[in-house]
Amino acid sequence: MQLSVNGKAHELNDADPDMPLLWALRDLLGLVGAKYGCGVAQCGACTVWLDGAPVRSCQLPLAAISGREVTTIEGLGGDALHPVQEAWIAHDVAQCGYCQAGQIMSAAALLQRNPNPSSEDIEGAMAGNICRCGTYSRIVAAINTASKQFQGLSFYEVGQEATVSASDGEVSV
Amino acid sequence: MSRGAGEGMKRRDFIRYSSFGLALGSAGISVLAAAKTSAPANSLNPYVMIHDDGRIVIAAPNPDVGQGVNTALPMIVAEELDADWQAVEVVLAPIDANRYGAQFAGGSLSVRNRWNELRQMGATAREMLLRSAAQQWGAPRTELTTQPSKVLHPPSGRSASFAELVAAATEQPVPADGEVVLKARADYRLLGQRVVNAAASDIVQGRPIFGIDVAVPDMVYATYVKCPQIGGVPKTANLEALKALPGILDAFIVKGDAGPPSFDLRKSIHVAGGVAIVASNTWAAIKARRSLQVDWDISAASTDDSLAIEAAALSAAGRPTGDHEVKNAGDSEGAFTNASSIVSGVYATDFVSHAQLEPQSCVAHATATAIEVWTSSQTPGFAQSTLAKLFELPAEAITVHQVRGGGGFGRRLSNEYVREAAVISKRIGKPVKLQWTREDDMAFDFYRSPAYFGLQAALSETGKLTGWRNHVVSVSSDGEEANYGAGYRGYNFPDDVVPNVHISQTMVASKTPTGAWRAPISNVYAFAEQSFLHEIADATGQDHRDFLMAALGEDKWFKPDDLASLNTVRARKVIAAVTQAASWGRALPKGRGLGLGFFFSHAGHVAEVAEVSVNADKQVTVHEVWVAADLGQIVNLSGAENQFQGSVVDGVSALADQRISIRSGAIEQTNFHQYPLLRLPQSPKIHVDFLTSDYPPSGAGEPALPPVAPAICNAVFNACGERIRTLPISRAGFKVV
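K.L.:
Which parts of the structure should I look at to understand the overall build of chain B?
P.N.:
Along the backbone of chain B there are 17 helices and 31 strands. Whereas a compact globule of 737 residues would reach a radius of gyration of roughly 27 Å, chain B reaches 27 Å, a difference of no more than 12%. Principal-axis analysis of the C-alpha atoms places the extent of chain B at approximately 80 × 75 × 45 Å. The buried share of chain B, reckoned over its 737 residues, is 61%. Once local pairs closer than 6 in sequence are excluded, the contacts in chain B between residues at least 24 apart make up 80%.

K.L.:
For this particular structure, what's the right way to read the environment of B:Phe558?
P.N.:
All names here are of chain B. Topologically, phenylalanine 558 is positioned in the loop between helix H14 (544-551) and helix H15 (568-581). C-alpha of phenylalanine 558 to C-alpha of phenylalanine 493: the two residues are 65 residues apart in sequence and 9.5 Å apart in space. Excluding anything up to four places from it in sequence, phenylalanine 558 contacts Tyr491, Asn492, Asp495, Asp496, Ser565 and Leu566.

K.L.:
Whenever I open this one, the packing of helix H1 (residues 69-81) of chain B against helix H3 (residues 110-137) of chain B confuses me. Can you help?
P.N.:
Two numbers describe a pair of packed helices, the interaxial angle and the distance between the axes. All names here are of chain B. Relative orientation of the contacting elements H1 and H3 amounts to 35 degrees, with a least axis distance of 6 Å. H1 and H3 meet at a crossing whose hand is right-handed. Of the residues in H3, those touching H1 at Val69, Ala72, Leu73, Ile76, Val77, Ala78, Glu79, Glu80 and Leu81 are Ser110, Val111, Arg114, Trp115, Leu118, Arg119, Met121, Gly122, Ala123, Ala125 and Arg126. Residue classes in the contact of H1 with H3 are distributed as 13 nonpolar, 2 polar and 5 charged.

K.L.:
Explain the interface of chain B and chain A here, please?
P.N.:
Contacts between the two partners involve 64 residues from chain B and, on the opposite side, 54 residues from chain A. Elements supplying a minimum of two residues to the side of chain B that touches chain A: helix H5 (200-204), helix H7 (282-288), H15, helix H16 (637-657) and strand E29 (685-691) of chain B. Of all the elements, H16(B) adds the most residues to the side of chain B that touches chain A, at 9 residues. Taken together, the residues of the side of chain B that touches chain A sort by class into 30 nonpolar, 23 polar and 11 charged.

K.L.:
Please explain H3(B) as it appears in this structure.
P.N.:
An α-helical turn contains 3.6 residues, so any two residues separated by three or four positions project in the same direction. Residue and element names in this part refer to chain B. The end-to-end C-alpha separation of H3 is 39 Å, in line with the 40 Å expected for 28 residues at 1.5 Å each. Of all the bends in H3, the greatest measures close to 40 degrees and is centred on asparagine 116. Of all 28 residues that make up H3, 22 are buried, and the element is covered over most of its length. Positive backbone phi, at 60 degrees, marks glycine 138, one or two positions downstream of H3.

K.L.:
What's the story with the confidence of the model for chain B in this structure? I'm lost.
P.N.:
Predicted coordinates in regions of low pLDDT should not be interpreted in detail. Residues and elements named next belong to chain B. On average, residues of chain B score 92 in pLDDT, and 93% of them reach the 70 mark or higher. Low pLDDT, under 50, characterises residues 1-38; the stretch is placed with 82 contacts to residues that sit more than four places away or in other chains. For this predicted complex, the interface score ipTM comes out at 0.94, alongside a pTM of 0.94.

K.L.:
Would you mind showing me how to read the sheet that holds strand E2 (residues 48-51) of chain B here?
P.N.:
One key point about sheets: their strands pair by backbone hydrogen bonds, in either a parallel or an antiparallel sense. Residue and element names in this part refer to chain B. Taken in spatial order, the 4 strands of this open sheet run E1-E2-E3-E4, and their pairing is mixed. At either margin of the open sheet sits one strand with a lone partner, and together these are strand E1 (41-45) and strand E4 (88-92). Averaged over all adjacent pairs, the angle separating strand axes in this sheet is 25 degrees, with direction ignored. Bridge count between strand E3 (residues 56-60) and E4: 5 bridges; the pairing is parallel. By the bridge assignment for E4, valine 57 is matched with glutamate 89. Along the sheet, H3 contacts E1 and E2; its crossing angle with E1, the most-contacted strand, is approximately 120 degrees. Each of E1, E2 and E3 touches helix H4 (residues 162-169); the most contacted strand, E2, lies at about 120 degrees to it.

K.L.:
How should the sheet that holds strand E5 (residues 145-147) of chain B be read in this particular structure?
P.N.:
Residue and element names in this part refer to chain B. The sheet built from 3 strands is open, its strands ordered E5-E6-E7 with antiparallel pairing. Each edge of the open sheet is held by one strand with a lone partner, namely E5 and strand E7 (158-161). For this sheet, the mean angle separating the axes of adjacent strands, direction not counted, is 30 degrees. Bridge count for strand E6 (residues 150-153) against E7 is 4 bridges, and the pairing is antiparallel. Residue pairing across strands places valine 151 opposite alanine 160, the latter belonging to E7. Strands E5, E6 and E7 of the sheet are contacted by H3, whose axis makes an angle of about 45 degrees with E6. Each of E6 and E7 touches H4; the most contacted strand, E7, lies at about 80 degrees to it.

K.L.:
Just to check I follow, could you spell out H16(B) for this structure?
P.N.:
The first and last C-alpha atoms of H16(B) sit 31 Å apart over 21 residues, in line with the 30 Å expected at 1.5 Å per residue. Of all 21 residues making up H16(B), 20 are buried, and the element is well covered by its neighbours.

K.L.:
Hey, could you run me through the domain arrangement of chain B in this one?
P.N.:
Accessible area lost when the parts come together is the quantity often used to give the size of an interface. Residue and element names in this part refer to chain B. Entries for chain B in the domain assignment read domain 1 (11-204), domain 2 (211-301 + 360-435) and domain 3 (318-352 + 448-736). Spacing between the C-alpha centres of domain 2 and domain 3 amounts to 37 Å. Contacts between the two partners involve 12 residues from domain 2, matched on the other side by 14 residues from domain 3. Considering only residue class, the side of domain 2 that touches domain 3 consists of 8 nonpolar, 4 polar and no charged.

K.L.:
What exactly am I supposed to notice about the packing of helix H10 (residues 380-391) of chain B against helix H11 (residues 416-428) of chain B here?
P.N.:
Residue and element names in this part refer to chain B. H11 packs onto H10 with a crossing angle of 45 degrees between their chain directions and a minimal axis gap of 10 Å. It follows from the interaxial angle that H10 and H11 lie oblique. Our pair here, H10 against H11, has a crossing hand that is right-handed. Taking contact as the criterion, the partners of Ala383, Thr386, Leu387 and Leu390 in H10 are, on H11, Val418, Arg419 and Ala422.

K.L.:
Would you mind showing me how to read the pairing of strand E4 (residues 53-56) of chain A here?
P.N.:
On a regular strand, each side chain points to the face opposite its neighbour's, so the side chains alternate between the two faces of the sheet. All names here are of chain A. Residues Pro54 and Arg56 line the buried face of E4, whereas the alternating positions Ala53 and Val55 sit on a face that is not buried. Pairing geometry for strand E3 (residues 47-50) and E4, over 4 bridges, is antiparallel. Paired with tryptophan 49 across the strands is proline 54, a residue of E4. Turn length for the E3-E4 hairpin, with the two strands adjacent in sequence and antiparallel, is 2 residues, and the turn residue aspartate 51 shows positive phi of about 50 degrees.

K.L.:
Explanation requested: the domain arrangement of chain A in the structure shown.
P.N.:
All names here are of chain A. Along its sequence, chain A is organised into domain 1 (2-74) and domain 2 (83-150). Between domain 1 and domain 2, the C-alpha centre-to-centre distance is 21 Å. With 14 residues of domain 1 at the contact, the number on the domain 2 side is 11 residues. Of all the secondary-structure elements, those providing two or more residues to the side of domain 1 that touches domain 2 are E3 and E4. If you tally residues by element for the side of domain 1 that touches domain 2, the top one is E3, at 3 residues. Along the lines of polarity and charge, the residues of the side of domain 1 that touches domain 2 split into 9 nonpolar, 4 polar and 1 charged.

K.L.:
Is there a simple way to think about unusual backbone geometry in this case?
P.N.:
The phi angle of most residues is negative, glycine excepted, and most peptide bonds adopt the trans form. Put simply, B:Phe493 and B:Pro494 share a cis peptide bond, and its omega is 5 degrees. Tracing the sequence through the fold places B:Pro494 in the loop between strand E21 (465-476) and strand E22 (500-509). Positive phi, close to 50 degrees, is recorded for A:Asp92, a residue that is not glycine. Structurally, A:Asp92 is set in the loop between helix H3 (83-90) and helix H4 (100-113). Given 24 C-beta atoms within a 10 Å radius, A:Asp92 is considered buried. Phi is positive for B:Lys618, which is not a glycine, with a value near 60 degrees.

Rules of the game
Residues numbered from 1 in each chain as written. Chains lettered and ligands numbered in written order. Predicted model: local features only at pLDDT ≥ 70, side-chain atom pairs only at ≥ 80, totals over all residues. Helix = DSSP H or I, 4+ residues; strand = E, 2+ residues; numbered from the N terminus. Rg over C-alpha atoms; globule rule 2.2 N^0.38 Å. Buried ≥ 20, exposed ≤ 12 C-beta atoms within 10 Å, placed from the backbone. Contact = placed C-beta atoms within 7 Å. Axes fitted to C-alpha atoms, helices over the stretch in contact; angles between N-to-C directions. Left-handed = near helix turned anticlockwise from the far one by under 90°. Nonpolar A, V, L, I, M, F, W, Y, C, P; charged D, E, K, R; others polar. Expected span 1.5 Å × (residues − 1). Bend = angle between axes of the 7 residues up to and from the residue. pLDDT = per-residue confidence, 0-100. Pairing = 2+ DSSP bridges. Domains from an automatic or database assignment. Parallel < 35°, antiparallel > 145°, perpendicular 65-115°, else oblique.

Put into structure tokens, the structure is as follows:
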């Protein structure tokens, strides 16, 4: 079987055709950015692109994708960070970070086809990616920031969301 | 969480190290921004190493499973060191109790326990740099000061970078007790600011930093199949057929221990019996499970049925008092006899699973004389000690490397999967990566214990609380206090606030393993107590906010100077702040409601208001949640806020439809389609307000979770008039949309 990952061709002649792409990436090619979370396409941690569209690699047997182009988080930005990756850092999105490669692949695919998504567009595109730590509000903020760059606007800094009140006396009891 | 070998390092234990001895490089994984070059470096203490090129390496001692301590703890050191944070590289410390004390992630204790130690480490390292400069320049130490990463002598205008000074500074004696002055909070440059997670860059690029990513030379892959009926062990299996499958290197039975495992983190060396399948890759091992046939011995296995447990518990909780008296203050019988009115309610919560997103995995290399493991354990020290005990090896023969974990929530406190990996590795004589499937993870958790609360309040004519009864029912395998199920908390409501209090407990027999789940005890206790307080306010026609404020009694700190005890001044402040932020009392359209919850746990005072709407089909939309908290000082504003936002999401997620049910000793749910986690479209808008104060910082990982369920359930009541006394709320017919 032939597989092109991040622009590089691989021959996987001995691989089990049933093997999901996820395990081929992780165990055979050493690309571990895509994560195993559920194995049944419920959580999205394994999201990669197949010919530019986001797919759940845990449910995609190698036999089904021979000769097609796979993009993983490792290849998303090329030599630089992709604007979505930059926005993820600027908004300090991650807690444990385990789901975030999958989140970023879904978000980048969304912006690739829809550079100025509405709230509903974002909800629709991201509903398949679980974040067990609950970073959803930062994910939305980061997508909105990255979309500015997709629209050719300047990148702006992380929004200040939490308020900090000074110590005693400010809140009346 | 018990405290281990040392509460941080005492001054006399200051030992200098020429390097941090990071063995993690051998795993071929990057450790955050771990020592990427071998440039000469100088260590001032176990936490601070300064490279000649100006980079400042700070060791992060405790496991990070998403709670942000790999950023927060080094920030504390950097603040007192006066390091330029941009020049700081964080490395994961080796697991070594002699150098780093108790290295664990639990109880929201990392920041709280290490606050003094780490400030001292930063400050003494800074002092050594200052003294070294003073000597070199022939200037009095008192005339010197620091700017980030450099020492200045204002009278002469001289300055030198930390990097220029560090080699000589290592020759300085370690400053004695009282010789360093810690910074005043007003002088902080870093603490309290928004700092991006030290692992953020690695995370967004998919770099191999998680436990599941570890790979070592000659490593093979394994899966381990256990009896679905918890505690069963294999008698026979079709091992030869498995070994004939492509990619399978070996398959064998591990006799193991029959019966359910214990959650005793210190002592348990339980290894559940099972079938190990070893393969050349993970997929081959997982696929081979389809062909596996096992004859199980279930003589010692659990026969639990969760509906039967629930029926027994609810029956017990209907009694005003239970089998064991926990507290009896005043005259509760008299209070109830003489009450003007009595309000009662029985609250129920189910078993839940942790469902951290990274299923358990561990790389182990065990030989006859030594064991090396790479694990995302929350208690790597116990991984080490229980491996030593199990394999009858000295502790020095066990090397444990900490690796970032994809979520914890208490699931990685136990180390049974570490032992399983070591057992398999020793048998095959090779390093192995044991990979649990999601289904394994859901079937073999240490679940949050179900808990049931029979609550009664005696009230005066004016609606004042005169008596309080709480009969707590939880589950136990041996009739003893359940593992973190539900229990009495001292120095908290209703102690010394309500004059007559009776708290008792009854245990229902269960063999299903239970353990700590985020904010143990508080996560269920808060739901019952804070919902019930709203019931009382409603029954007596009082505004919930005003009633709650009054119910806290007079201004006092229950145990002065103990951060783990309730301070009613701080409590009332957060209740006032959150109700102000949410415009408490405003008019809302029909079907919409605001609900309030307050809880003090993990040294954090947290109040929350939820705004929900409920339609005729009992669909609940959680629109917004306001949070006000007093955690004392904030170390990393971005990190603490993230923990709080996440706690709210976790709270909604758990209350919506998370429930583990058990039949014939086996868990019925297998994966996320039967155990749903909250998704982005259901996630509410969240506002977090930290009322900072000069108190030392307390942990942010847990205390925002307990108030979520009562705030939402109280809001549902205010929206539609139905009181929810059961979690998850799906069992009362509600659905979060």
